[in-house]
Amino acid sequence: QVVLVESGGGLVQAGGSLRLSCVASGRTFSNNVMGWFRQAPGKEREFVAAIRWSGGRTAIADSVKGRFTISRDNAKNTGYLQMNSLKPEDTAVYYCAAAEEWGGHYDYWGQGTQVTVSS
């Protein structure tokens, strides 16, 4: 069992920045993958970014590439999503999730954190 807790959401003006954090606890988080997803009102959940805990392999959605960066601190069992140059269309609930392996199914999910970008 892996427990994920996100934080760092909030209200920001367009062009601003936020950093989301996701603390993982429970089963050892070693070779797993941490992903970030978002869901805007009336839209389907979409992939944002992912990082493999061991080695740091990353993937970023085209819609946020160049603006968002994913990273992790192994010692703190914490993943981060740095979001810069935010746009109103980035407004959504952001979730972190954990998968057993790269390309695997995300079995564990956090409760989500709201990000609102005003124009």
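Residues numbered from 1 in each chain as written. Predicted model: local features only at pLDDT ≥ 70, side-chain atom pairs only at ≥ 80, totals over all residues. Heavy atoms only, no water.

Once that is clear, we can look at the overall build of the protein chain. Secondary structure summary: the protein chain contains zero helices and 11 strands in total. If you list the helices and strands of the protein chain from N to C, you get β-β-β-β-β-β-β-β-β-β-β. Computed over C-alpha atoms, the radius of gyration of the protein chain comes to 13 Å, within 12% of the 14 Å expected from 2.2 N^0.38 for 119 residues, which places it in the range of a compact globule. Taking the principal axes of the C-alpha coordinates as reference, the protein chain spans close to 40 × 25 × 25 Å. Looking at the protein chain residue by residue over its 119 residues, the buried ones come to 43%. Looking at the protein chain as shown, the accessible area adds up to about 6,000 Å², and 46% of this sits on carbon and sulfur atoms. Averaging the locations of the 12 positively and 10 negatively charged side chains of the protein chain gives two centres separated by 5 Å. (Helix = DSSP H or I, 4+ residues; strand = E, 2+ residues; numbered from the N terminus. Rg over C-alpha atoms; globule rule 2.2 N^0.38 Å. Buried < 20%, exposed > 50% of the residue type's maximum accessible area, 1.4 Å probe, protein only. Areas by Shrake-Rupley, 256 points an atom, 1.4 Å probe, with all protein chains shown as cover. Lys, Arg positive; Asp, Glu negative; His and termini not counted. Charge placed at Lys NZ, Arg CZ, Asp CG, Glu CD.)

Along strand 1 (residues 2–7), the buried face is formed by Val2, Leu4 and Glu6; none of Val3, Val5 and Ser7, which line the opposite face, is buried. Pairing of strand 1 with strand 3 (residues 18–26) involves six bridges; the strand directions are antiparallel. Considered in strand 3, the bridge of Glu6 is made with Cys22. (Pairing = 2+ DSSP bridges.)

Okay, the pairing of strand 9 (residues 92–99) next. The element strand 9 is extensively covered by neighbouring structure, given that seven of its eight residues are classed as buried. Where strand 4 (residues 33–39) lies against strand 9, seven bridges are found, and the strand directions are antiparallel. Residue pairing for strand 9: Gly35 is matched across the bridge by Ala97. Across three bridges, the pairing between strand 9 and strand 11 (residues 113–118) is antiparallel. Bridge pairing in strand 11 links Ala92 to Val115. Relative to strand 10 (residues 106–109), strand 9 runs antiparallel, the two sharing three bridges.

Phi is positive for Asn77, which is not a glycine, with a value near 50°. In this structure, Ser85 takes a positive phi of about 50° despite not being glycine. Among the secondary structure elements, Ser85 is positioned in the loop between strand 8 (78–83) and strand 9.

So, on to the sheet that holds strand 7 (residues 68–73). The sheet built from four strands is open, its strands ordered 1-3-8-7 with antiparallel pairing. Each end of this open sheet is capped by a strand with a single partner; those strands are strand 1 and strand 7. Averaged over all neighbouring strand pairs, the angle between strand axes comes to 20°, with direction disregarded. (Axes fitted to C-alpha atoms, helices over the stretch in contact; angles between N-to-C directions.)

Another aspect to go through is the nonpolar core. Judged by nonpolar contacts, the single largest core of 28 residues is most densely connected at Leu4, Trp36, Leu81, Met83 and Tyr94. Of all the secondary structure elements, the ones that give two or more residues to this core are strand 1, strand 3, strand 4, strand 5 (46–52), strand 7, strand 8, strand 9 and strand 11. Residues Phe37, Ala97, Ala99 and Tyr106 belong to the second largest nonpolar core, which totals six residues. (Core = buried A, V, L, I, M, F, W, Y, C linked by side-chain atoms within 4.5 Å.)

Below, the discussion takes up the packing of aromatic side chains. Under the definition given, this model contains five aromatic pairs. Ring centres 4.9 Å apart and planes at 50° place the aromatic pair Phe37 and Trp109 in the tilted group. Of the two residues, Phe37 sits in strand 4 while Trp109 sits in strand 10, which places them 72 residues apart along the sequence. Under the relative-accessibility criterion, Phe37 is labelled buried at 10%. Ring geometry for Tyr95 and Trp109: centres 6.5 Å apart, planes at 75°, overall edge-to-face. Taken together, the residues span a long stretch of sequence, with Tyr95 in strand 9 and Trp109 in strand 10 at a distance of 14 residues. (Phe/Tyr/Trp six-rings, centres within 6.5 Å; stacked < 30°, edge-to-face > 60°.)

Read these as spatial facts, not as claims about activity.
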